[in-house]
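# Close look at the chain arrangement
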Amino acid sequence: MDTLQHGRYSVHYELAGPDHGPTIVLVNGLTQYSALWTPYRSALAEHGYRVISFDLLGQGQSDKPSLFIEQDDQVAILRELIDAIGRPPVFLAGISFGGIIALRYAIEHGATLAGLVAMSTFAELSPQLQLIGNALRNGLILGGIEYLQDLLLPMNVSDAWLNDRLDQLDEIKRPGWLVNDLYALQNLMESFLDFQPLTPRLGEIGVPTMILNGEFDFLTPRSLHETLRTHIPHSALVIVPRGYHAFTLEQPRLTAWLLARFAQDVLGGSWEGGGSIWLAPAQEGGTLIRFPSGFDHLRAVPMRTGQHSAGAKRAPTGAKRPHK
Amino acid sequence: MRTTLGPLDASGRVPAQQQTRVASFLISAHGAEARLLAGALSSSVLTLVPGVVQVGLQTQLCREAEVLTLLQGATRWQPDPMLLWLLPRWELAWLPQPVAGIGIDQSLAFDAAAFGFALHTAIRPAVLLPREATPTDGFAAALRQIELEGSRTVQPQLRFLKSPALAALRPAISQAVERRHAQLRTLWAEMLAGIGIAIAS
């Protein structure tokens, strides 16, 4: 097992692909573990990328501090990992909780990156997200890891995905139940208790940034990604069709292709950021379509920008509407 | 070496020898936690934390008794001579341990909380059950119940150990918790190895 030593803690990581760059580093969501990136390691390695996935402190096979886990430590570990086994140019991709760590890393150590991919993530806790987070934490405390999994699974993936696996859900959940420990998940969730919004610092992210948001993600909806799009200078928002919060689990081939294409565009100098908004193709290899001009990408129905503007007042702090 | 209890008998139950060894360990540890808590509840340090924490610790004392009676009733016991050696070893390990740099009265309260926190989080009895275990078997149900209740049971300890009022003592508290975690994990792994089950310690 490959480990990185951070102080007295061991951090488990997995490495695939060639010895030399470019490197793509993948950062887990809250209840994820490194093995869930297996399809990405093989797909991206085939494209010539060096791929690093790892378990954050408190997750999977990494050490689990008993009482406190600081997000600063997670960022520091990421820095040590990239310094130790990353080969430039380095692209960093994080989902949900891991997206926060990736955003913080890009703010503090952006010079070490060639590009950033923020997936299903946020820069500040909206009231909805705060309340959902509290409910999930209480669910964990009252019902254990299995109950948390039961709450998260239907939020994370589509009916179509679930429908094909209804008789396998126990087997799907079991590895996560075995590898995660309740107190460590609780510590990870409580690392948000003193969370300060990242929005004021998003402008410091100087690298090309692709923001991926599932079309139907109601855990971290479009408005939260809009804050990222409007504040990160060289960003573009890419909407993943029919995607939910964990589209990385449900659509790994498409997402791996989007990551590889992003890195390729950045390295080839053809990355178009500028706050642009795109629709990803339904499958890998398809064409990204620019979001139709004049329509409001924050709405679930095809409304023209400026119509029913009362909705704009409900956007979270920092979100600017409409898009260009 | 296996990673779960078993092989199960024809009716899907865990062998009596494994039930005896696992239940003995858990009864020894939860009994010790009850004794440690009983002592800690009179500690002066509890006046520094909100009253709700004291109420929670009091509730936990009762829950520890619940674990003991649950296991006593649900386990299929059989004679196990190894317990003559193991039980004194475990009981010695559970004795109160002072926390460096903190007075004895407060120290015992921290140690009781650290031990209880480690017991309910580092020890996960339900993950030992193979998927084929009969869900209606009393022993299997008891292990699941202990693990499930652990998440709730441990909250008063967490609130106590993480209390902002005790922030200045945080390094010593963290050290005590890590020590109890390591101790319990090691002894749990050793006990399981003795019945043919390998887990990471």
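Because the structure is a prediction, the values reported are computed rather than measured. (Residues numbered from 1 in each chain as written. Chains lettered and ligands numbered in written order. Predicted model: local features only at pLDDT ≥ 70, side-chain atom pairs only at ≥ 80, totals over all residues. Heavy atoms only, no water.)

### Concerning the pairing of strand β1 (residues 2–6) of chain A
Residue and element names in this part refer to chain A. The pairing of β1 with strand β2 (residues 9–16) spans five bridges and is antiparallel. Looking at the pairing, His6 lines up with Tyr9 of β2. The turn linking β1 back onto β2 is made up of two residues, and Gly7 within it adopts a positive phi angle of 60 degrees. (Pairing = 2+ DSSP bridges. Helix = DSSP H or I, 4+ residues; strand = E, 2+ residues; numbered from the N terminus.)

### So, the pairing of strand β3 (residues 23–27) of chain A
Residues and elements named next belong to chain A. Most of β3 sits inside the fold, with five of its five residues counted as buried. Side chains Thr23, Val25 and Val27 of β3 all project onto a buried face; the interleaved residues Ile24 and Leu26 project onto the opposite face, where all are buried too. Direction of pairing for β3 relative to strand β4 (residues 50–54): parallel, over a ladder of five bridges. Paired with Val27 across the bridge in β4 is Phe54. Since β3 and β4 lie parallel, the crossover through helix α1 (residues 38–46) that links them has a hand, and here it is right-handed. Where β3 meets strand β5 (residues 90–95), five bridges bridge the pair, whose relative direction is parallel. What sits directly across from Val27, in β5, is Gly94. (Buried < 20%, exposed > 50% of the residue type's maximum accessible area, 1.4 Å probe, protein only. Right-handed = clockwise from strand over helix to strand, strands pointing away.)

### Remarks on the sheet that holds β1 of chain A
Residues and elements named next belong to chain A. Spatially, β1-β2-β4-β3-β5-β6-β7-β8-β9-β10 is the arrangement adopted by the ten strands of the open sheet, whose pairing is mixed. The open sheet has two edge strands, β1 and β10 (289–290), and neither has a second partner. Helix α10 (residues 252–268) rests against β3, β5, β6 (115–119), β7 (209–214) and β8 (235–240) of the sheet, and its axis sits at about 160 degrees to β7. (Contact = heavy atoms within 4.5 Å. Axes fitted to C-alpha atoms, helices over the stretch in contact; angles between N-to-C directions.)

### Here's the deal with the confidence of the model for chain A
All names here are of chain A. With 95% of its residues at a pLDDT of 70 or more, chain A has an overall mean of 93. Ignoring residues within four places in sequence, the model shows residues 310–315, a span with pLDDT below 50, making three contacts including any to other chains. Across residues 318–324 the pLDDT falls below 50, and counting only partners more than four positions away or on other chains, this stretch makes 24 contacts in the model. (pLDDT = per-residue confidence, 0-100.)

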